[in-house]
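Now for the letters of each chain:
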Amino acid sequence: MPVCQNCNYKWTYSETLKRSVFIGPNGAKCPDCNEKQYPTTRSRQKWGVLAGLIPVLMIIITGMILDFAWPVALFIALVAAILVITLLPFTFDLSNENEPLW
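Calculation criteria
- Residues numbered from 1 in each chain as written.
- Predicted model: local features only at pLDDT ≥ 70, side-chain atom pairs only at ≥ 80, totals over all residues.
- Heavy atoms only, no water.
- Helix = DSSP H or I, 4+ residues; strand = E, 2+ residues; numbered from the N terminus.
- Buried < 20%, exposed > 50% of the residue type's maximum accessible area, 1.4 Å probe, protein only.
- Polar contact = N/O pair within 3.5 Å; in protein donor to acceptor, adjacent residues only side chain to side chain.
- Contact = heavy atoms within 4.5 Å.

Asks: Now, about the side chain of Glu15: what can you tell me, with residues and values included?
Replies: Counting through the fold element by element, Glu15 comes out in helix H1 (residues 13-22). Residue Glu15 is classed as buried on the basis of its relative accessible area of 16%. Within the structure, the side chain of Glu15 is placed 3.2 Å from the side chain of Tyr9, a separation counted as a polar contact. For Glu15, the contacting residues outside a window of four places in its chain are Tyr9 and Pro31.

Here you go:
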């Protein structure tokens, strides 16, 4: 779980999940000290890979390569997307500054 860079407060899973899904370029306030925290560049890159690439790959693999019916492939992709969302808090790291994406 992420740790606030100002007060060393370790965020809980639920706090991290809420903020990791909806955090924007303006950052999120620490639940303990209310200081703005921003996701690190590396965290944002991990999110992009997890949230974008994995469900798309699941559709391609199950729908085209394994020749499953498209409804089954979409269901598997939905399950993969839910799994990715539940894993996002574990890839969440914080910074005091808003780092550029690249």
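Asks: Break down the side chain of Gln37 for me, citing the residues and quoting the values.
Replies: In this structure, Gln37 sits in strand S2 (residues 36-39). The class of Gln37 is buried, set by a relative accessible area of 0%. A distance of 3.0 Å separates a polar atom in the side chain of Gln37 from a polar atom in the side chain of Asn96.

Asks: Could you give an account of unusual backbone geometry, naming the residues involved and the relevant values?
Replies: At Asn8, a residue that is not glycine, the phi angle is positive and equals roughly 60°. Residue position: Asn8 is located in the segment before H1. Judged by relative accessible area, Asn8 falls into the exposed class, the value being 58%. Of note in this structure, Asn34 is not a glycine but carries a positive phi near 60°. With respect to the helices, strands and loops of the structure, Asn34 is situated in the loop between strand S1 (28-29) and S2.

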